[in-house]
Amino acid sequence: MDDERARAGAERESRSRTAISMRWWDAGLAVTLIVMVVLAVTSSSARMPASLVAVGLILAAWFGLARPVIRRDDGLLSTSSVAAVAALVVVGGVAVGATPELAVVQAFLMPALWTILPTTRSAIVANVALCLAISLGFVVGLGWSAEAVTTAVTSEALSLVFSIALGLWITGIARIGAERGRLLDDLRDAQAELAARNRDIGTSAERERLAREIHDTIAQSLTGVVMLTQQTRSTLAAGDVQGALDRLDVIESAGREALTDARTLVAATASSGLSGHDAAAALRRLGERFERESGIVVTVAADEVELPRDLQVVLIRCAQEALANVRKHSASVSAHVALSAHGDSALLTVADAGTGFDPTVPSTGFGLDGLRERLALSGGRLDVSSDGSGTLVAARLPLSPAVAA
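Cut-off values and rules
Residues numbered from 1 in each chain as written. Predicted model: local features only at pLDDT ≥ 70, side-chain atom pairs only at ≥ 80, totals over all residues. Heavy atoms only, no water. pLDDT = per-residue confidence, 0-100. Contact = heavy atoms within 4.5 Å. Phe/Tyr/Trp six-rings, centres within 6.5 Å; stacked < 30°, edge-to-face > 60°. Helix = DSSP H or I, 4+ residues; strand = E, 2+ residues; numbered from the N terminus. Buried < 20%, exposed > 50% of the residue type's maximum accessible area, 1.4 Å probe, protein only. Core = buried A, V, L, I, M, F, W, Y, C linked by side-chain atoms within 4.5 Å.

Turning next to the confidence of the model for the protein. The pLDDT averaged across the protein works out to 77; a share of 83% of its residues lies at or above 70. Across residues 8–20, where pLDDT falls below 50, the model places one contact with residues more than four positions away in sequence or in other chains. In this model residues 267–272 is a low-confidence stretch, pLDDT under 50, and it forms 10 contacts with partners more than four residues away in sequence or in other chains.

Going through the model one piece at a time under the given rule, you end up with three aromatic pairs. Here Trp25 and Trp62 contribute two aromatic rings whose centre-to-centre distance is 6.0 Å and whose plane-to-plane angle is 40 degrees, an arrangement assigned as tilted. One end of the pair, Trp25, is in helix α1 (residues 2–42); the other, Trp62, is in helix α2 (residues 48–71), and 37 residues separate them in sequence. Geometrically, the ring pair formed by Trp25 and Phe108 is edge-to-face, given 5.7 Å between the ring centres and 85 degrees between the ring planes. Pair noted here: Trp25 is in helix α1 and Phe108 is in helix α4 (residues 106–116), with a separation of 83 residues, a long-range link. For the pair Trp25 and Phe108, a shared accessibility class is recorded, and that class is buried.

It is worth spelling out the nonpolar core at this point. Counting 41 residues, the largest nonpolar core has Met36, Ile58, Trp62, Leu88 and Ile116 as the members making the most contacts within it. Beyond its immediate sequence surroundings of up to four residues, Ile116 is in contact with Ala66, Val69, Ile70, Ser81, Ala84, Val85 and Leu88. With 34 residues, the next largest nonpolar core counts Ala282, Leu286, Val326 and Ala346 among its residues.

Here's what the structure looks like:
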């Protein structure tokens, strides 16, 4: 549908340009004919009938042959184009032969020949033929004499030089305009293709973002629910009913938080427990929740760092993922979360006293790689160090959103 509208618009624009062009040609012909009629009327009475006939022939040649060809814009040398050029050349010579003063008609005929013919060479040949026909007309109208021949050769040589120079100049301008038009069309096509690719990239990026959001929120909450359910089963098997009820309360709370996260994603928001610009309070709430779910003691030392809302979301997601890794992989009984400002950046660290791992070995999970991608999109970076005494995850974020290059 859009392509059809574009083609229809281009056709309307082309017709509009053609209509404007033909109005100018008709106006030029009208002025030329007025001058020719005045010259015919003021010439000798013996020449007047032939002069008026010549004017009529020019009108017939224009409307019968030349004008339809000018309105065509196919750039082809057709039989109708050749016929129109031949007619204009003949009537030009006839007009001058009837009344030499009617040589002014070449001021209209020469540009017409350049417009009708598709190539520079053919236009030059046609102009030479027109000048020869008009020169012959001079000789017929003035009589065979040295003075008539000199007048014809001089005037037509100058007219030919001027016509060729002007024609080449206008043709060059037209060629440059056509090339610019082609380049503009190519640019529009490239912009349309780039827009389509950007839409595809945006869709892919949005899918990846949603995957990270689901992994960092709902998946982690459900993992906690599974672990708590296993612990509750063990508690019931041991006959500790009150402990099982306490665990059920925690499971219910975790389920509600997972439901809240799901609704948040559906609503295209990322609250993550954030309220205003209170990242420190959100970290403390996260630590309390994690400690209740996992039994791992979490200490939080968070300074009041002012961050834009989107960067707060990134920071909380990093803390969630780092603590999830502590629970799943470290076998540590404690974790320490810290947030502070250093210059123009905020630093979040999550440390544990677990078994550690080798950071140089490529990971098979999505967590750390997802964190690195998330931080990179926000202009930050992730550093991970680990040994037998524990693991330290450090996420550094700028205090203002990064501008994508």
